[in-house]
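Descriptive analysis of the structure
Residue strings, one per chain:
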Amino acid sequence: SFGSEVDASAERVTTGRSYANFLGDRVATRRSYEPETYDRLARLKDEVDPTNLFRLNQNVAPTA
């Protein structure tokens, strides 16, 4: 289909990351950040939201 052709041609020139406002799941959220950045965000989440109250977004879950 046309959409898959567009996706395939655009894939050559992308970083493989996603725009944070359009992430679909936990895997996409993790892939959208460099590993060091994601780990830093998770540690920050441990400090400010350890119970993961604010999880109805493009969530970075706490490590615990």
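Residues numbered from 1 in each chain as written. Predicted model: local features only at pLDDT ≥ 70, side-chain atom pairs only at ≥ 80, totals over all residues. Heavy atoms only, no water.

**Brief notes about helix H3 (residues 35–48)**
With 14 residues, H3 should cover 20 Å at 1.5 Å per step; its first-to-last C-alpha distance of 20 Å lies within 8% of that length. Where H3 is concerned, the buried positions are Tyr-38, Ala-42 and Lys-45. On an axial view of H3, the arc spanned by its buried residues comes to 55°, and they lie on one face. In this structure, H3 carries Glu-36, Glu-47 and Val-48 as exposed residues pointing more than 90 degrees from its buried face. The secondary structure elements touched by the buried residues of H3 are helix H2 (26–31). (Helix = DSSP H or I, 4+ residues; strand = E, 2+ residues; numbered from the N terminus. Expected span 1.5 Å × (residues − 1). Buried < 20%, exposed > 50% of the residue type's maximum accessible area, 1.4 Å probe, protein only. Arc of directions from axis to C-beta. Contact = heavy atoms within 4.5 Å.)

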